[in-house]
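# Commentary on secondary and tertiary structure
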Number of protein chains: 2
Amino acid sequence: MKPDLEKALKLYLVTDPVLHGGRGVSATCEEALAAGVRFVQLRDKKASTRSLYDSALALRNLCKKNSSYFVVNERIDVAMAVGADGVHLGQSDMPADIARSVMGSEAIIGVSVRTVEEAEKAMEDGADYIAANLVFSTNTKKDIKEPLGLNMVSTLSGVSSLPLIAIGGINPENTALVMDAGCAGVAVVTAIMNADSPTLEVEKFLKILNH
Amino acid sequence: MKPDLEKALKLYLVTDPVLHGGRGVSATCEEALAAGVRFVQLRDKKASTRSLYDSALALRNLCKKNSSYFVVNERIDVAMAVGADGVHLGQSDMPADIARSVMGSEAIIGVSVRTVEEAEKAMEDGADYIAANLVFSTNTKKDIKEPLGLNMVSTLSGVSSLPLIAIGGINPENTALVMDAGCAGVAVVTAIMNADSPTLEVEKFLKILNH
């Protein structure tokens, strides 16, 4: 049985098609799931639909076996095709209310936000959680945005009735800071995906998050 | 009321985000629909999901008003979100049988094929029509494929129990040739989208197709 959504959101793994320590996405996720990750988002902006579908199917199975949530970045069609738990949407993706009407009430819908207005819109639209994107600077995302910083995270957390997670440049060193700023969890790409040992890295994060 | 699918497939308009004679996609489609086009595919490989959704919503409304079929290239999610009639899938898009299971039995699903095997797979998967892609050389598609030529069109038409349409470099001069090779219709991008007068161009095509 899957844990409560809010509990699962504490440590939220986002995949990367390139940064996976040479192990591949599936093997890295498998290790992270075994170490205690309970929420995985498949993110690959460049894959063909067919190849994204194949990756999604493999990760859906892995997550199912590990009683973990699995969502697909942006692609509602791929999420539905593989029976994922939901999608994660950016501001240039499908509007969340439309995603909700296509996917139904059970789907988990997350929305990346950078402003109070975007957070309020996500709540109105029926999102299940929001992600402050991005909190610290990072090399993962090519479309570099200005980091929001911890003050903005506090502001977003103050207005949001939904769980707020932090994404962008998150590592074990700054995790306590973003949690103190009001986050329900941290979304991690590089620090886990590209770690020498995803197991040890997940354990480091969980130790801080469960403290 | 929409015409029979097979009748509508005779002249199948594929949009292009750049080639539209400076009129814009919507205005060009409006003209083409007024002149008698009854099948429109929205194709824009580079748009964000949000922007594709907006374009799809506009074209869906235009097509509805003109009793025309409307499908979206590749994106099942966008097609479902705007209530399009269906999708058109390439070989690196979602497998057609999966698309069918996500979209339901009423959706119109088209599949681009280049070989007898791909045509047979599309039939097995429950496609409604197939498209021989591409028949003649063209500048529209950046991922240049070798043109199939008329002999291959005849071969595909010979094995297919589904309507076969021809795409790639179609113009009023070669339309009779592809119809003689067994096609149920022609899919046109540039010749109509980028025409000085889409109305006159549609009329030229329809004159040949209804001959």
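Everything that follows concerns the structure shown earlier in this document.
The structure reproduced in this document is the subject of the present report. (Residues numbered from 1 in each chain as written. Chains lettered and ligands numbered in written order. Predicted model: local features only at pLDDT ≥ 70, side-chain atom pairs only at ≥ 80, totals over all residues. Heavy atoms only, no water.)

### As for the overall build of chain A
Keep this limit in mind: Helix numbering and strand numbering both begin at the N terminus, where a helix is a DSSP run of H or I of at least 4 residues and a strand a DSSP run of E of at least 2. Here the globule rule is a power law, 2.2 Å times the number of residues to the power 0.38, and the radius of gyration is based on C-alpha atoms. A 1.4 Å probe rolled over the protein chains alone gives each residue an accessible area, and that area as a share of the maximum for its type sets the label: buried under 20%, exposed over 50%, partly exposed in between. Note on contacts: a residue pair qualifies if any of its non-hydrogen atoms lie within 4.5 Å across the two residues. Shrake-Rupley sampling with a 1.4 Å probe provides the accessible areas, and residues are treated as covered by the protein chains on show and by no other component. Only four residue types enter the tally: Lys and Arg on the positive side, Asp and Glu on the negative side, with His and both chain ends excluded. Positions of charges follow a simple convention, taking NZ of Lys, CZ of Arg, CG of Asp or CD of Glu.
A tally of regular secondary structure across chain A gives ten helices and eight strands. Over its C-alpha atoms chain A spans a radius of gyration of 16 Å, differing by no more than 12% from the 17 Å that the globule rule assigns to 211 residues. Over its C-alpha atoms, taken along the principal directions, chain A stretches across nearly 40 × 40 × 35 Å. In chain A, buried positions account for 55% of the 211 residues. Put simply, of all contacts in chain A between residues at least 6 apart along the chain, 60% involve residues at least 24 apart. Of the roughly 8,800 Å² of accessible surface on chain A, 50% is carried by carbon and sulfur atoms. Each charge sign in chain A was given a centre, from 21 positive and 26 negative side chains, and these centres are 5 Å apart.

### Topic: the nonpolar core
We count it as follows: The nonpolar core is taken to be a set of buried Ala, Val, Leu, Ile, Met, Phe, Trp, Tyr and Cys residues, with the residues joined through side-chain atoms within 4.5 Å.
Core analysis: the biggest nonpolar cluster contains 121 residues, and A:Leu11, A:Phe70, A:Phe205, B:Leu11, B:Phe70, B:Met94 and B:Phe205 have the highest contact counts within it. Beyond its immediate sequence surroundings of up to four residues, B:Met94 is in contact with A:Thr49, A:Arg50, A:Tyr53, A:Asp77, A:Val78, A:Ala81, B:Ile76, B:Leu89 and B:Ala99.

### Digging into the interface of chain B and chain A
Let me state the cut-off plainly: Once two parts are put together, the accessible area they lose, assessed with a 1.4 Å probe and summed over both, is termed the buried area. By definition, a salt bridge exists where a carboxyl oxygen of Asp or Glu is found within 4 Å of a side-chain nitrogen of Lys or Arg. We define a polar contact as two N or O atoms separated by no more than 3.5 Å, with the added condition that, inside protein, one atom must be a possible hydrogen donor and the other a possible acceptor, whereas residues neighbouring each other in sequence contribute only through side-chain atom pairs.
The partner chain A presents 19 residues to the 19 residues of chain B that form the contact. In total, about 1,700 Å² of surface goes out of reach between chain B and chain A, with carbon and sulfur atoms giving 61% of it. Together, B:Arg50, B:Asp77 and B:Met94 form the three largest contributors to the area buried by chain B at its contact with chain A, with a combined 33%. Run the count over chain B and chain A and you get four salt bridges. A salt bridge links B:Asp77 to A:Arg75; its shortest N-O distance comes to 4.0 Å. Summed over the shared surface of chain B and chain A, the number is twelve residue pairs in polar contact (both at pLDDT 80 or more). Among the secondary structure elements, those contributing two or more residues to the side of chain B that touches chain A are helix H3 (49-65), helix H4 (76-82) and helix H5 (96-103) of chain B.

### Here we look at the relation of the copies chain B and chain A
The operation relating the two chain copies consists of a rotation about an axis and a shift along that axis. Stated precisely, the cut-off is as follows: A residue counts toward the fit only if its pLDDT is at least 70 in both copies, and the copies are then superposed by least squares on the C-alpha atoms of those residues.
Laying chain B over chain A is done by rotating through 180° and shifting 0.0 Å along the axis; what remains is an RMSD of 0.0 Å. The superposition of one copy onto the other is thereby described by a two-fold rotation axis. Scanning chain B for the C-alpha nearest the rotation axis identifies B:Asp77, at a separation of 2.3 Å. Both copies share a contact surface, since 100% of the interface residues of chain B are interface residues in chain A too.

### Here's the deal with the sheet that holds strand E6 (residues 129-133) of chain B
Residue and element names in this part refer to chain B. For clarity, the cut-off: A pair of strands is labelled paired if DSSP reports no fewer than 2 bridges between them. Angular values range over 0 to 180 degrees, each being the angle between N-to-C directions of two axes fitted as lines to C-alpha atoms, with helices fitted over their stretch in contact.
Ordered by their spatial adjacency, eight strands build a closed barrel running E1-E2-E3-E4-E5-E6-E7-E8, and the pairing between neighbours is parallel. Neighbour-to-neighbour, the strand axes of the sheet open up by a mean angle of 25°, direction not taken into account. Two strands pair when backbone bridges link them, and strand E2 (residues 39-42) and strand E3 (residues 69-73) are joined in this way by four bridges, in the parallel orientation. Counterpart to Gln41 in the pairing with E3 is Val71. Of the strands in this sheet, E2 and E3 touch H3, which is tilted by about 165° from E3.

### A short note on unusual backbone geometry
Residues and elements named next belong to chain A. Each neighbour pair has its own omega, and for Asn133 with Leu134 the value is -5°, a cis peptide bond. Phi at Glu74 is positive, roughly 70°, even though this residue is not glycine. Taking relative accessible area as the criterion, Glu74 reaches 13% and is therefore assigned buried.

### A look at the packing of helix H6 (residues 116-124) of chain B against helix H7 (residues 149-159) of chain B
Residues and elements named next belong to chain B. What counts, and what does not: Orientation labels follow simple angle bins: below 35 degrees gives roughly parallel, above 145 gives roughly antiparallel, 65 to 115 gives roughly perpendicular, and whatever is left gives oblique. Throughout, a crossing is termed right-handed when the near helix is turned clockwise from the far one, and left-handed when it is turned anticlockwise from it by less than a right angle.
Direction vectors running N to C along H6 and H7 enclose 30°, while the axes themselves pass 10 Å from each other. Between H6 and H7, the angle is such that the two are roughly parallel. The handedness of the crossing between H6 and H7 is right-handed. Contact residues: H6 offers Val116, Ala119 and Met123, while H7 offers Met152, Thr155, Leu156 and Val159.

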